[in-house]
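Observations on the three-dimensional arrangement
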Amino acid sequence: MDNFHTNIYNWYNINKRDLPWRKDRNPYKIWLSEIILQQTRVEQGKNYFYRFVENYPTVNDLANAHEDKVLKLWQGLGYYSRARNLHASAKIIASQYNGTFPNDYKSILALKGVGPYTAAAVASIAFNLPYPAVDGNIYRVLSRYYGIETPIDSSAGKKEFQQLAEELIQGQDPGMHNQALMEFGALQCVPKSPKCENCPVVESCFTYKNGLVAQLPVKEKKTKQRHRYFYYYMYDMGDSILLDKRSGNDIWQNLYQLPLIEREKALSDAELLHADLPVKTMQVNVKSISGQKKHVLSHQIIHAKLIYLEVQGNFNNQSPLIRVNKKDISKFAVSRLVEQFLQEAGLGQ
DNA sequence: CACCCGTGGGG
DNA sequence: TCCCCAAGGGT
């Protein structure tokens, strides 16, 4: 074993965090942790891991759950397709594998929400199979250590780093090797201001020797954000309000929300009250209109307001909207944006 | 392949 | 305030 491996492994043994999914090699828990940690920091994901393991101790428990409940547990973590795919895959494992987690790379990769990284992570950590887990940490560590300038978000870059990672894992303990490299990237070789002053491999680090640490890794694509204007309507009927389930190929799929109109450009408060309201057939008093809230997503910027309406008289609900008692609102999974509006309206969790 | 899918922390 | 980006995957 060369110095790179030895030094990283020694560093890992001393510095590795005590994380709940590292207590055993339960493939279900490893898989769950990997899905939660996709594009998510450990500190943000930890509590969700505890929550899921407590509610669903086994993959069969998760398979038997209702999607609404799974999404509710996922609320606030973002990228909700992860929760929907997690649930769908649990059903597949329960039905096709009789509740026993598949133990080969191909089968793991075939699960919904599991791509090359996650399949390699589960295969190596849970089953000791020699597949390199190539995540953002590995791109960063390898690009810096070896001085690789190929953009990590290009197909050539992905191929190059994948091949290098495959060579590096040969003859090693796969699960430990992958976790050591990732942990090193997450704690030591961090994106901004990496801790080169006490780095265990700084002497052989190409980028450090050449003063290029701030230039690597190279990324070429930039995401563009689109602006949308959401106007939520709170129909207050005393003890209940109206909710709506999001569907279609859009953000927050299968989550609930307050009835909404969307525009490409901002509406004035006066226009808001004369617009095509989500529900047209009731008599309402306008109680308040909130200020504009800016909610930033990875590819969108949502500008939103809450229009608080008090419904007069009886309401015969002929819309596809759901009438929900105020004390039950917290049972429904909602986006952070809706959660904040509900809280400001005194209908929080 | 290009684009889409959330949220929160840090510089 | 703005920008980056975090144990990526789906379409």
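Notes on the structure in this doc start here. This structure is a prediction, so every number in the text was calculated from the model and none was measured.

So, on to the overall build of chain A. In terms of helices and strands, chain A carries 14 helices and eight strands. Out of the 349 residues belonging to chain A, those deemed buried represent 32%. Expressed as a percentage of contacts within chain A between residues at least 6 apart in sequence, the contacts between residues at least 24 apart total 67%.

Okay, the protein's contact with DNA strand B next. Close contacts around DNA strand B come from 22 residues, with G78, S155, I251, S298 and R336 the closest. Looking at side-chain class alone, the surface near DNA strand B contains seven nonpolar, 11 polar and four charged residues.

Another point: the sheet that holds strand β8 (residues 322–325). Across the sheet, three strands lie side by side as β3-β2-β8; this open sheet has antiparallel pairing. The outermost strands of the open sheet, each flanked by one partner alone, are β3 (256–257) and β8.

So, on to the protein's contact with DNA strand C. Around DNA strand C there are 28 residues in total, and G115, T118, D135, G136 and A186 lie nearest to it. If one sorts the elements of the surface near DNA strand C by residue count, helix α11 (residues 174–187) sits on top with four residues. Across the surface near DNA strand C, the residue classes tally to 10 nonpolar, 12 polar and six charged.

Time to look at the packing of helix α9 (residues 136–146) against helix α10 (residues 155–169). Running from amino to carboxyl end, α9 crosses α10 at an angle of 85°, the nearest separation of the two axes being 11 Å. Compared by their axis directions, α9 and α10 come out roughly perpendicular. Listed contacts from α10 to I138, Y139 and L142 of α9 are F161, L164 and A165. Partitioned by chemical class, the residues of the contact of α9 with α10 number six nonpolar, no polar and no charged.

Turning our attention to helix α8 (residues 116–127). An ideal rise of 1.5 Å per residue puts 16 Å on 12 residues; α8 measures up with 16 Å between its terminal C-alpha atoms. Counted residue by residue, α8 has nine buried out of 12 residues, so it is predominantly covered. When we look at burial in α8, the residues that qualify are T118, A119, A120, A121, V122, A123, S124, I125 and A126. Looking at the packing, one finds that the buried side of α8 touches α2 (27–36), α7 (105–109) and α11. After α8 finishes, the residue N128 shows a positive phi value of roughly 60°.

Attention shifts here to the environment of D153. When you line up the elements, D153 lands in the loop between α9 and α10. For D153, a count of 13 C-beta atoms within 10 Å translates into the label partly exposed. Residues D153 and M282 lie 129 residues apart in sequence; the distance between their C-alpha atoms is 52 Å. With sequence-adjacent residues up to four places away left out, D153 is seen in contact with K219, E220 and K221.

With that out of the way, let us pick up the nonpolar core. Counting residues in hydrophobic clusters, the biggest one holds 81 residues, and the most contacted among them are V122, I138, L142, Y232, Y233, M234 and F341. Sorting elements by how many residues they give to this core places α8 first, with seven residues. In this structure V122 touches P27, I30, W31, E34 and I108, once residues within four positions along its chain are discounted.

For the rest of this paragraph, the subject is unusual backbone geometry. At the junction of L216 and P217, the peptide bond is cis and its omega measures out at 0° in the coordinates. Summarising the element assignment, P217 is placed in the loop between α12 (206–209) and β1 (226–236). Positioned with a positive phi, N128 is a non-glycine residue whose angle comes to about 60°. Counting through the fold element by element, N128 comes out in the loop between α8 and α9. With a phi close to 75°, N254 is a non-glycine residue in the positive phi region. Assignment of secondary structure puts N254 in the loop between β2 (240–245) and β3. On the basis of neighbour count, N254 is assigned to the partly exposed category, with 17 C-beta atoms found within 10 Å.

What counts and what doesn't
Residues numbered from 1 in each chain as written. Chains lettered and ligands numbered in written order. Predicted model: local features only at pLDDT ≥ 70, side-chain atom pairs only at ≥ 80, totals over all residues. Helix = DSSP H or I, 4+ residues; strand = E, 2+ residues; numbered from the N terminus. Buried ≥ 20, exposed ≤ 12 C-beta atoms within 10 Å, placed from the backbone. Contact = placed C-beta atoms within 7 Å. Near = placed C-beta within 6 Å. Nonpolar A, V, L, I, M, F, W, Y, C, P; charged D, E, K, R; others polar. Pairing = 2+ DSSP bridges. Axes fitted to C-alpha atoms, helices over the stretch in contact; angles between N-to-C directions. Parallel < 35°, antiparallel > 145°, perpendicular 65-115°, else oblique. Expected span 1.5 Å × (residues − 1). Core = buried A, V, L, I, M, F, W, Y, C linked by C-beta atoms within 7 Å.

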